[in-house]
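# Inside the fold
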Amino acid sequence: MNRFAQSLACALLALAFGTVAHAQSESRVAKRDGKPTVTKKARVSKSFDAQSGKVASRPAKRSVVRAAVPPRPSYGQLAGLHTVQDDLDLKSSVALVIDQDTREVLLRKNDMAVLPIASLTKLMTGLLVSEAGLPLDEPITITQDDVDTEKGTGSRLKVGTTLSRGELMHLALMASENRAAHALGRTYPGGLNAFVEAMNQRARQLGMNDTRYVEPTGLSSRNQSSAQDLARLVAVAGNDPMLRELSTSPAHEVDLGTRTLKFNNTNRLVRNPEWDIVLQKTGYISEAGQCLVMQAKVAGRKLIMVFLDSAGRLSRIGDAERVRRWVEATPQRITPPTSGTLAPSGNIVIRQVNG
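Quick caveat, the model's predicted, so the values are computed rather than measured.

Turning to the overall build of the chain, a few remarks are in order. Within the chain, the secondary structure is distributed over 9 helices and 16 strands. When each of the 355 residues of the chain is scored for burial, the buried share is 48%. The long-range fraction of contacts in the chain, counting pairs at least 24 apart against all pairs at least 6 apart in sequence, stands at 63%.

So, in structure tokens, the structure goes:
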């Protein structure tokens with residue numbers, strides 16, 4: 001009888017408390033590794049222990065959800081360059097469009113601002129390697145020195161990978177491969193320091209007086225230039241058949257022996273039949289925003305287009321499309337400056353912007 005009473009008492013207590021009770025979840029803001037996170041208080045299971053006559057609690061594991069971190073503003077955004085309006089509603093804070101044959105300036109916007117240029121740097125890297133006449137079939141091995149310590153970016157070219165100089169040129173110009181570009185500079189006669197010095201010397205020879213390079217990839221925000229300077233570089237690089245071919249290649253496969261890697265062009269416009277692109281290069285780091293330079297044939301004109309500090313992943317492509325449609329629709333309404341030269345811009349002028 002006593003055993004029956006004890007079992008009945010246990011059953012009543014279990015019914016009163018419930019075999020499983022859940023605590024309400026709540027969200028609270030915490031910090032992890034210096035970044036804000038949203039944590040949810042774990043559910044707690046409660047059950048009745050018939051032998052001890054007590055309610056036992058078992059806290060579940062706490063889940064941690066990382067909150068979205070706002071993107072770092074570009075140098076152009078910090079300088080207020082995006083406040084400058086234009087008739088085409090471009091998303092790039094810096095833009096310059098020139099008829100290369102006549103030197104007519106069709107469009108300009110903050111074209112003298114000196115900003116980080118990201119992987120547009122690789123156009124100068126490719127130009128130097130090409131002009132040096134180094135053997136393109138020479139094998140070059142990716143080393144630890146080529147690993148990005150500036151931004152911590154990864155690469156499919158693992159340390160120990162060996163490719164020809166020509167293949168590294170192809171990947172650097174087409175797919176913007178950072179280790180490929182760094183290896184090209186590292187294996188230049190005299191080494192990396194000599195290569196960077198040669199980059200700056202060539203820039204001065206081209207009249208790129210607002211341009212400075214500190215490394216061959218563009219990962220450093222200290223690689224800086226202006227739209228006017230970059231237009232000069234595009235004009236010269238566009239005369240190099242190898243740079244034209246490699247930069248506009250839609251895709252390329254490299255054979256690593258045990259596997260084959262396919263790389264695609266970072267500029268989707270090279271696969272667009274509405275475009276006739278002669279030379280191109282894209283670039284992006286947070287300090288520079290989305291960047292794009294091109295030499296393209298539009299409405300019978302050979303145009304040089306420069307877009308810097310564009311906001312949004314596809315905004316540089318959208319800006320190029322806006323310019324192409326504008327030139328095709330209204331070529332007769334485009335009136336060049338009377339001087340026909342790169343006259344000073346009437347917009348906000350920033351000689352150099354430091355973050």
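Burial along strand 13 (residues 260–264) is one-sided: the face carrying Leu261 and Phe263 is buried and the face carrying Thr260, Lys262 and Asn264 is not. Here 5 bridges tie strand 12 (residues 251–255) to strand 13, and the two strands are oriented antiparallel to one another. Residue Val254 lies in a different strand from strand 13, and its bridge partner there is Leu261. Linking strand 12 to strand 13, which pair antiparallel, is a turn of 4 residues; within it Gly257 sits at a positive phi near 90 degrees.

In this section: helix 4 (residues 165–174). In terms of burial, helix 4 is largely enclosed, as 8 of its 10 residues are buried. Of all the positions in helix 4, only Arg165, Leu168, Met169, His170, Leu171, Ala172, Leu173 and Met174 are classed as buried. A positive phi of about 55 degrees marks Ser176, the residue just after helix 4.

In the structure shown here, the tally under the stated rule is 1 aromatic pair. A centroid spacing of 5.0 Å and a plane angle of 70 degrees characterise the contact between Tyr188 and Phe195, whose relative ring orientation is edge-to-face. Considered together, Tyr188 and Phe195 belong to a single accessibility category, that of buried residues. Between Arg156 and the ring centre of Phe263, over which it is positioned, the NZ or CZ distance is 4.2 Å.

With that out of the way, let us pick up the side chain of Ser92. Its location among the elements puts Ser92 in strand 6 (residues 92–99). The class for Ser92 is buried, based on a relative accessible area of 0%. A distance of 3.3 Å separates a polar atom in the side chain of Ser92 from a polar atom in the side chain of Ser310. Side-chain polar atoms of Ser92 contact the side chain of Asp319, separated by 2.5 Å. Beyond its immediate chain neighbours, meaning those up to four positions away, Ser92 contacts Lys109, Phe307, Leu308, Asp309, Ser310 and Asp319.

With respect to the element layout, Thr282 can be found in strand 14 (residues 277–285). Owing to a relative accessible area of 3%, Thr282 belongs among the buried residues under this scheme. For the pair Thr282 and Leu173, spaced 109 residues apart in sequence, the C-alpha to C-alpha distance is 8.9 Å. In this structure Thr282 touches Ser119, Leu120, Ser176, Thr266, Asn267, Cys291, Leu292 and Arg316, once residues within four positions along its chain are discounted.

We now examine the pattern of salt bridges. Overall, the coordinates contain 15 salt bridges when judged by the stated rule. Across the salt bridge formed by Lys91 and Asp89, the nearest N and O atoms sit 3.4 Å from each other. Between Arg324 and Glu321 there is a salt bridge, with the nearest N and O atoms lying 2.8 Å from each other. Of this pair, Arg324 and Glu321 both sit in helix 9 (residues 315–329), 3 residues apart, which is roughly one turn of the helix. You'll find Arg324 and Glu321 in the same group, each marked buried. It is possible to trace a salt-bridge network through shared partners that takes in Glu274, Glu321, Arg324 and Glu328.

Glancing now at the sheet that holds strand 6. One open sheet accounts for 5 strands, arranged 7-6-16-15-14; its pairing is antiparallel. Each edge of the open sheet carries a strand with a single partner, namely strand 7 (104–109) and strand 14. Taking each pair of neighbouring strands and ignoring which way they run, the sheet shows an average axis angle of 5 degrees. As judged from the 8 bridges shared by strand 14 and strand 15 (residues 289–298), these two strands associate in the antiparallel manner. When the bridges of strand 15 are listed, Lys281 appears paired with Val293.

Grouped together as the largest cluster of nonpolar side chains are 60 residues, with contacts concentrated most on Met124, Leu168, Leu233 and Val306. For this core, the element with the most residues is helix 7 (residues 227–237), which contributes 7 residues. With residues near it in sequence (within four places) discarded, Leu233 still touches Leu123, Met124, Leu127, Leu206, Met208 and Tyr213. Membership of the second largest hydrophobic core comes to 21 residues, among which are Leu90, Ile277, Ala296 and Leu303.

Turning next to the packing of helix 3 (residues 121–132) against helix 5 (residues 178–186). Relative orientation of the contacting elements helix 3 and helix 5 amounts to 40 degrees, with a least axis distance of 10 Å. In terms of orientation, helix 3 lies oblique with respect to helix 5. The element helix 3 and its partner helix 5 pack so that their crossing is left-handed. For the pair formed by helix 3 and helix 5, the contact residues are Lys122, Thr125 and Val129 on the first element and Asn178, Ala181 and Leu184 on the second. Here the contact of helix 3 with helix 5 is composed, by residue class, of 3 nonpolar, 2 polar and 1 charged.

Further remarks concern the side chain of Ser220. Within the fold, Ser220 resides in the loop between helix 6 (192–205) and strand 11 (224–225). Overall, the relative accessible area of 1% leaves Ser220 in the buried class. Those residues within four positions of Ser220 in sequence are excluded, and the remaining contacts are Glu150, Val214, Glu215 and Ile285.

Parameters at a glance
- Residues numbered from 1 in each chain as written.
- Predicted model: local features only at pLDDT ≥ 70, side-chain atom pairs only at ≥ 80, totals over all residues.
- Heavy atoms only, no water.
- Helix = DSSP H or I, 4+ residues; strand = E, 2+ residues; numbered from the N terminus.
- Buried < 20%, exposed > 50% of the residue type's maximum accessible area, 1.4 Å probe, protein only.
- Contact = heavy atoms within 4.5 Å.
- Pairing = 2+ DSSP bridges.
- Phe/Tyr/Trp six-rings, centres within 6.5 Å; stacked < 30°, edge-to-face > 60°.
- Lys NZ or Arg CZ within 6 Å of the ring centre and 35° of its normal.
- Polar contact = N/O pair within 3.5 Å; in protein donor to acceptor, adjacent residues only side chain to side chain.
- Salt bridge = Lys/Arg side-chain N within 4 Å of Asp/Glu carboxyl O.
- Axes fitted to C-alpha atoms, helices over the stretch in contact; angles between N-to-C directions.
- Core = buried A, V, L, I, M, F, W, Y, C linked by side-chain atoms within 4.5 Å.
- Parallel < 35°, antiparallel > 145°, perpendicular 65-115°, else oblique.
- Left-handed = near helix turned anticlockwise from the far one by under 90°.
- Nonpolar A, V, L, I, M, F, W, Y, C, P; charged D, E, K, R; others polar.

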